[in-house]
Amino acid sequence: PKNLNATLSSYNLAGGYNWLLSPNFFGPKMQFSLGINQWTSDIDQSTQVAFTRMQFGGMYAGFLGTFNLTEGSPWDLGAQFKFYLTKSVSESKSSGSSSNIIMIDFSVFTKYHKTLRMSYVGQLIFENYSAELSGASASRPDPAVKVSHKNTQLLLGLEYAF
């Protein structure tokens, strides 16, 4: 096909707990969270099946750490990692059952505290989802053997604490 549209979406529902490592709320802290995540790649259907709808998802344990660059500095540095406890993949126009599912999701970020309530935030996110597919009981004429999606995102924004 000459033109195909693609839609990428990611949904996340999580709850967590923060541990302050100093008496200062804006000091170093660690966070533990549990959540579920679903990532979807939806490609327009075509007569010759080139791409399919892929969904990766699962339950994860999240870990986040933040610390000040120096004592009293307005700059924070941090990292976040999601360890997937369960993993699933589904494909519409299936290439068969999946095995060896790999889901990697981590980020690094920095914050500059402009005021007590407002911060500038920069975050670099790395996501890599892949799976091997069997080809058995496939509903596509040309089943894929391995599929992977890699996303790298740069987010810049403002954070305001109410």
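Along each chain, the written sequence defines residue order, and numbers are assigned to residues from 1. Confidence filtering applies because this is a predicted model: local features only for residues at pLDDT of at least 70, side-chain atom pairs given and counted only at 80 or more, and all residues used for totals across whole chains, interfaces and linings. Side-chain calculation: all heavy atoms of the structure are included, whereas hydrogens and water are not.

A. Spatial organisation of the overall build of the protein chain. Helical segments are the DSSP runs of H or I of at least four residues, strand segments are the runs of E of at least two, and each set is numbered from the N terminus. Scanning the protein chain from terminus to terminus reveals zero helices and eight strands. Walking the protein chain from its N terminus toward its C terminus, one meets helices and strands in the order β-β-β-β-β-β-β-β. Note on exposure labels: buried denotes an accessible area under 20% of the residue type's maximum, exposed denotes more than 50%, and partly exposed covers the range between, all computed with a 1.4 Å probe on protein chains only. For the protein chain, the proportion of its 162 residues judged to be buried stands at 32%. Between two residues, a contact is recorded if the distance between any of their heavy atoms is within 4.5 Å. Sequence separation of at least 24 residues holds for 63% of the intrachain contacts in the protein chain that already meet a minimum separation of 6. Here the Shrake-Rupley method, with its probe set to 1.4 Å, supplies the accessible areas, and only the displayed protein chains count as covering residues. When the accessible surface of the protein chain is split by element, carbon and sulfur atoms take 59% of a total near 10400 Å².

B. The arrangement of the environment of Tyr129 in detail. With respect to the element layout, Tyr129 can be found in strand E7 (residues 118-133). Those residues in contact with Tyr129, other than ones at most four positions away along the chain, are Asn37, Trp39, Phe56, Tyr84, Ile102, Met103, Ile104, Asp105, Val147, Ser148 and His149.

C. Region of the structure containing the nonpolar core. Judged by nonpolar contacts, Trp39, Met54, Phe56, Tyr60, Tyr84, Val89, Ile101, Met103, Tyr129, Ala131, Leu133 and Val147 together constitute the single largest core of twelve residues. Those residues in contact with Tyr60 that sit more than four places away from it in its chain are Asn12, Ala14, Ser33, Leu34, Gly35, Ile36, Asn37, Lys82, Phe83, Tyr84 and Leu85. Put simply, a nonpolar core is a bunch of buried Ala, Val, Leu, Ile, Met, Phe, Trp, Tyr and Cys residues held in one set by side-chain atoms that sit within 4.5 Å of each other.

D. View of the packing of aromatic side chains. Put simply, two rings from Phe, Tyr or Trp (the six-membered ring, in Trp's case) pair if the centres are within 6.5 Å, and we call them stacked under 30 degrees between planes, edge-to-face over 60, tilted for the rest. Applying the stated rule across the entire model yields ten aromatic pairs. Residues Tyr112 and Tyr120 carry aromatic rings whose centres are separated by 6.4 Å and whose planes lie at 10 degrees to one another, so their mutual orientation is stacked. Judged by relative accessible area, Tyr120 falls into the partly exposed class, the value being 38%. Taken together, Trp39, Phe56 and Tyr129 form an aromatic cluster joined through their ring pairs. Lysine and arginine charges are scored as sitting over a ring when NZ or CZ, respectively, is within 6 Å of the ring centre and within 35 degrees of the ring normal. One Lys or Arg, Lys82, reaches over the ring of Tyr60 and ends 4.9 Å from the middle of that ring.

E. Structural context of the environment of Asn12. Within the element layout of this structure, Asn12 appears in strand E1 (residues 6-20). With 24 residues separating them along the chain, Asn12 and Ile36 place their C-alpha atoms 5.8 Å apart. Leaving out residues up to four positions away in the same chain, Asn12 has contacts with Ile36, Asn37, Tyr60 and Lys82. Two N or O atoms count as a polar contact when they lie within 3.5 Å, although within protein this holds only if one can serve as hydrogen donor and the other as acceptor, and sequence-adjacent residues are included solely when both atoms are side-chain atoms. A polar contact is formed between the side chain of Asn12 and the side chain of Tyr60, at a distance of 2.8 Å.

F. Quick look at the pattern of salt bridges. Salt bridges are defined as contacts in which a side-chain nitrogen from Lys or Arg sits within 4 Å of a carboxyl oxygen from Asp or Glu. Using the criterion set out here, one finds three salt bridges in the structure. The closest approach of N and O atoms between Lys82 and Asp105, which form a salt bridge, is 3.5 Å. Pair noted here: Lys82 is in strand E4 (residues 75-84) and Asp105 is in strand E6 (residues 98-113), with a separation of 23 residues, a long-range link. Just as Lys82 is buried, Asp105 falls in that class too. Two residues, Lys111 and Glu159, come together in a salt bridge whose shortest N-O distance is 2.8 Å. Here Glu159 lies in strand E8 (residues 146-160) and Lys111 lies in strand E6, a separation of 48 residues in the sequence.

G. Quick look at the environment of Val121. Here Val121 shows up in strand E7. For the pair formed by Val121 and Leu155, sequence separation is 34 residues and the distance between their alpha carbons is 7.8 Å. Look past the residues within four positions of Val121 in its chain and what remains in contact with it is Thr110, Lys111, Leu155, Leu156, Gly157 and Glu159.

H. Representation of the side chain of Ser107. With respect to the helices and strands, Ser107 occurs in strand E6. A distance of 3.0 Å separates polar atoms of two side chains, one belonging to Ser107 and the other to Gln123.

I. Representation of the side chain of Thr40 within the structure. Turning to its location among the elements, Thr40 is positioned in strand E2 (residues 29-43). A distance of 3.4 Å separates the side chain of Thr40 from the side chain of Gln38, its partner in a polar contact. A distance of 3.4 Å separates the side chain of Thr40 from the side chain of Gln55, its partner in a polar contact. Excluding its chain neighbours within four sequence positions, the residues that come into contact with Thr40 are Thr7, Leu8, Ser9, Arg53, Met54 and Gln55.

Take it as geometry only, folks, not as evidence of what the structure does.
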